[in-house]
Amino acid sequence: MSRLKGTAPETLSVKQIILLREMVANMLAQGVARHAMPVRDLLADSDENLGMVDFERITFRSFEWSPIWLIAKKVSHYHLYRLIRTYQPQQLTEQEYAFLAKTDTIRDYLMKLKPLKLKLKNMFKNRSNK
């Protein structure tokens, strides 16, 4: 292994947001969707260069209209827009803001169900161990 140039950026400039949008568009065009996109997975060595690392939680496109792929693309866009909202919110379009609002509402609802999911999972796990 070799060390990559750059460090995780503390903030993202308008230029880096443009680069990030291009990276995500190219990534999706190549059939790779990320499940998360934290800023710590970005490397910047200048305002002109930006890279992305840590592709451990991804979905590969099997075919263009796969329901799993369509959802994975939405997840990638959601995380891209969240980064933009955090660092350069003026760079989001009205449609992107609307998408974020709708997805945040769905995510908040699902997060409320998470404790129930874990409780059920543990209950069934304990039953199978007996």
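Just above sits the structure.
Residues numbered from 1 in each chain as written. Predicted model: local features only at pLDDT ≥ 70, side-chain atom pairs only at ≥ 80, totals over all residues. Heavy atoms only, no water.

Undergrad: Whenever I open this one, unusual backbone geometry confuses me. Can you help?
TA: The phi angle of most residues is negative, glycine excepted, and most peptide bonds adopt the trans form. Of note, Asp-54 is a non-glycine position whose phi angle comes to about 65 degrees, a positive value. Position of Asp-54 among the secondary structure elements: in the loop between β3 (50-52) and β4 (58-60). (Helix = DSSP H or I, 4+ residues; strand = E, 2+ residues; numbered from the N terminus.)

Undergrad: Just to check I follow, could you spell out the nonpolar core for this structure?
TA: As a rule of thumb, soluble globular proteins bury nonpolar side chains together. Grouped together as the largest cluster of nonpolar side chains are 25 residues, with contacts concentrated most on Leu-20, Val-24 and Leu-42. For this core, the secondary structure elements donating two or more residues are α1 (14-29), β1 (32-34), β2 (42-44), β3, α2 (67-87) and α3 (94-129). Looking at this core, the element that brings in the most residues is α2, giving seven residues. If we ignore the near neighbours within four places in the chain, the residues touching Val-24 are Met-37, Met-52 and Leu-80. (Core = buried A, V, L, I, M, F, W, Y, C linked by side-chain atoms within 4.5 Å. Buried < 20%, exposed > 50% of the residue type's maximum accessible area, 1.4 Å probe, protein only. Contact = heavy atoms within 4.5 Å.)

Undergrad: Can you walk me through the environment of His-79 in this structure?
TA: By the element assignment, His-79 lies in helix α2. Overall, His-79 belongs to the buried group, its relative accessible area being 13%. Taking C-alpha positions, His-79 is 5.6 Å from Met-37, a pair spaced 42 residues apart along the chain. Excluding residues that lie within four positions of it along the chain, His-79 makes contacts with His-35, Ala-36 and Met-37.

Undergrad: Mind showing me how you'd approach the packing of aromatic side chains here?
TA: A ring pair, where both rings are aromatic, is described by two values, the distance of the centres and the angle of the planes. Within the structure shown, the criterion is met by one aromatic pair. Positioned above the aromatic ring of Phe-55 is the side chain of Arg-34, whose terminal nitrogen or guanidinium carbon lies 4.7 Å from the ring centre. The residue whose ring lies beneath Arg-61 is Trp-69, and the NZ or CZ to ring-centre distance is 5.5 Å. (Phe/Tyr/Trp six-rings, centres within 6.5 Å; stacked < 30°, edge-to-face > 60°. Lys NZ or Arg CZ within 6 Å of the ring centre and 35° of its normal.)

Undergrad: Would you mind showing me how to read α2 here?
TA: In an α-helix, one turn spans 3.6 residues; hence positions three or four apart end up facing the same way. The terminal C-alpha atoms of α2, which comprises 21 residues, lie 31 Å apart, in line with the 30 Å expected from a rise of 1.5 Å per residue. Buried within α2 are the following residues: Trp-69, Ala-72, Ser-76, Tyr-78, His-79, Leu-80, Tyr-81, Leu-83 and Ile-84. Next to the buried residues of α2 lie α1, β1, β2, β4 and α3. (Expected span 1.5 Å × (residues − 1).)

Keep in mind that these numbers describe shape and distance, not what the molecule does.
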